[in-house]
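Topology and contacts: notes
One-letter residues, chain by chain:
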Amino acid sequence: MKTNPLSRVRAHILGAMALAIATCSQAAPNAADNYPTRPVNLVVPFAPGGGTDISARILAEKLGQTLGQTVVVDNKAGAGGQIAADLVARADPDGYTLLFANSGMLAINPWIYKLNTDPAVAFEPVSMFSDLPFVLVVPPSLPAKTVQELVELAKAEPGKRTYASSGVGGAPHLTAEIFQIATDTDLLHVPYKGGGPAMGDLMGGRVDMLFASVLETNSFVQAGKLRALAVTGDKRSPAMPDVPTIDEAGVKNAQGGSWTAVLVPKGTPQPIIDKLAKAIRTVADDEGIKQKLVAQGAGAKASTPQELADLAARERARYGEIIKARGLQAQ
């Protein structure tokens, strides 16, 4: 019986395809097992020296040790983090270019700015790394020693009590907006070009209050130049153990602050994402790393990729409602 030549060709093609599929299925796990084989680039969207940059450098050193390759911090500041986001979004999805983002980039910027890169579309979530609650501080000259006394002052003079921020649309600004909604107060926003000028005017008594990171404020609080009324996390800050949470201070549904996370370009293989997430968790669980973060007013907080995706979606929806309700726009 003669064999049809066309059947032989088909059989040959099908056999080759089966071999290719089998080879690829075997190669993918091996590629993840061997990853990384060269230095990894951790892109930070802000200038050196700030809270996000410091957290990134704490992560990078230990992550490099965990992965067995150097992790290089690459600061690409500008445009509220969008220069870095655009750069990483265009990078090869091979696990060698990571984005160290904060909650503002993922949950606030999409509502405030016209973005070239939508973080919900352009990136794959890997893991959270740190939680950065804010602290509500006032100058010692202000006659308010508790949050409730501050609220009473604000309600006595609607629209006249002022709060500073490091800029429109930033996490400190949005935290103050949340506070106003939760306390039914009307405060006057005084935005500055950065946290330094805002802090200076606060200590000088030219503005009444400010939400800022524990790192930025702790030394001034300890020196008596500022008074801390509450931290915005769900638990007290180890750096300020005597300062109550905003909930303990009597204000419900007013938690705020910032957090950091690692993302990779869309299309990065899942085994590589999982390996990175596991390594970041190892770093976050290290006692030495925890102490370094506490010294910066932060807390270690790793997550699974899905937990990070869920958090980013919840926070984006939450801030979107606030931004639309308050009519906030970038300036």
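These lines cover the structure that appears in this document, whether it is placed above or below.

What counts, and at which threshold
- Residues numbered from 1 in each chain as written.
- Predicted model: local features only at pLDDT ≥ 70, side-chain atom pairs only at ≥ 80, totals over all residues.
- Heavy atoms only, no water.
- Salt bridge = Lys/Arg side-chain N within 4 Å of Asp/Glu carboxyl O.
- Helix = DSSP H or I, 4+ residues; strand = E, 2+ residues; numbered from the N terminus.
- 1 Å grid on protein atoms, 1.4 Å probe; cavity = no way out; pocket = protein on both sides within 12 Å on 5 of 7 lines; lining within 4 Å.
- Points joined across faces, edges and corners; volume = space filled by probe spheres on them.
- Nonpolar A, V, L, I, M, F, W, Y, C, P; charged D, E, K, R; others polar.
- Axes fitted to C-alpha atoms, helices over the stretch in contact; angles between N-to-C directions.
- Parallel < 35°, antiparallel > 145°, perpendicular 65-115°, else oblique.
- Left-handed = near helix turned anticlockwise from the far one by under 90°.
- Contact = heavy atoms within 4.5 Å.
- Buried < 20%, exposed > 50% of the residue type's maximum accessible area, 1.4 Å probe, protein only.
- Pairing = 2+ DSSP bridges.
- Right-handed = clockwise from strand over helix to strand, strands pointing away.
- Polar contact = N/O pair within 3.5 Å; in protein donor to acceptor, adjacent residues only side chain to side chain.

Right, let's get into the pattern of salt bridges. This model, assessed by the stated rule, comprises 13 salt bridges. Arg 316 is paired through a salt bridge with Asp 118; the nearest N and O atoms lie 2.9 Å apart. Taken together, the positions of Arg 316 in helix H12 (residues 305-326) and Asp 118 in the loop between helix H4 (103-112) and helix H5 (119-122) put the pair 198 residues apart, joining distant regions of the chain. Linked through salt bridges whose partners overlap, the residues forming this network are Glu 157, Arg 161 and Asp 208.

With that settled, consider the layout of surface pockets. Empty space within the largest pocket amounts to approximately 980 Å³. Lining the largest pocket are 37 residues; nearest its centre among them are Phe 46, Thr 52, Asn 102, Ser 166 and Pro 172. Looking at the lining of the largest pocket, the elements with two or more residues in it are helix H2 (51-67), H4, helix H7 (171-183), helix H8 (195-203), strand E8 (209-213) and helix H9 (214-222). Looking at the lining of the largest pocket, its residues break down into 16 nonpolar, 19 polar and 2 charged. The computed volume of the second largest pocket comes to approximately 440 Å³. What lines the second largest pocket is a set of 22 residues, and nearest its centre among them are Asp 131, Trp 259, Lys 301, Leu 311 and Glu 315. For the lining of the second largest pocket, the secondary-structure elements that each account for two or more residues are strand E4 (123-132), strand E10 (258-265) and H12. The element contributing the most residues to the lining of the second largest pocket is H12, with 7 residues. Of the residues belonging to the lining of the second largest pocket, the class tally is 7 nonpolar, 7 polar and 8 charged.

For the rest of this paragraph, the subject is the packing of H2 against helix H11 (residues 287-295). It is the contact of H2 with H11, at a shortest axis distance of 10 Å, that shows an interaxial angle of 170°. Between H2 and H11, the angle falls in the class roughly antiparallel. For the crossing formed where H2 meets H11, the hand is right-handed. Residues Ser 55, Ile 58, Glu 61 and Lys 62 of H2 pack against Ile 289, Lys 292 and Leu 293 of H11. Of the residues in the contact of H2 with H11, the class split is 3 nonpolar, 1 polar and 3 charged.

Our next topic: the pairing of strand E6 (residues 162-165). Along E6, one buried face is formed by Thr 162 and Ala 164 and the opposite face, lined by Tyr 163 and Ser 165, is buried too. Summarising the sheet, E6 and strand E7 (residues 188-191) pair through 4 bridges and their orientation is parallel. Within E7, the residue paired with Thr 162 across the bridge is Leu 188. In the classification by handedness, the crossover that spans E6, the intervening H7 and the parallel E7 is right-handed. Pairing of E6 with E8 involves 2 bridges; the strand directions are parallel.

What follows is about the environment of Val 221. Mapping Val 221 onto the fold places it in helix H9. For the pair Val 221 and Pro 139, spaced 82 residues apart in sequence, the C-alpha separation works out to 9.5 Å. In this structure, Val 221 is in contact with Val 137, Leu 226, Ala 228 and Met 240, ignoring residues within four places of it in sequence.

A word on the side chain of Asn 102. Among the secondary structure elements, Asn 102 is positioned in strand E3 (residues 97-102). A polar contact is formed between the side chain of Asn 102 and the backbone nitrogen of Met 105, at a distance of 3.1 Å. When neighbours within four sequence positions are excluded, Asn 102 is seen to be in contact with Phe 46, Thr 52, Ser 258, Trp 259 and Thr 260.

Note the cis peptide between Tyr 35 and Pro 36, where omega equals -5°. Following the sequence through the fold, Pro 36 ends up in the loop between helix H1 (5-34) and strand E1 (40-44). Notably, Asp 184 is not glycine yet its phi reads approximately 55°, a positive angle. By secondary structure assignment, the location of Asp 184 is in the loop between H7 and E7. Asp 184 gets classed as exposed once you look at its relative accessible area, which sits at 64%. A positive phi angle, near 60°, is found at Asn 253, a position not held by glycine. Here Asn 253 shows up in the loop between strand E9 (227-231) and E10.

Before going further, it helps to examine the packing of H2 against helix H10 (residues 270-284). Here H2 crosses H10 at 120°, and the two axes come no closer than 9 Å. With respect to their mutual orientation, H2 and H10 come out oblique. The handedness of the crossing between H2 and H10 comes out as right-handed. Between H2, through Leu 59, Lys 62, Leu 63, Thr 66 and Leu 67, and H10, the contact on the second element is made entirely by Leu 276, Ala 279, Ile 280, Thr 282 and Val 283. For the contact of H2 with H10, a count of residues per class yields 7 nonpolar, 2 polar and 1 charged.

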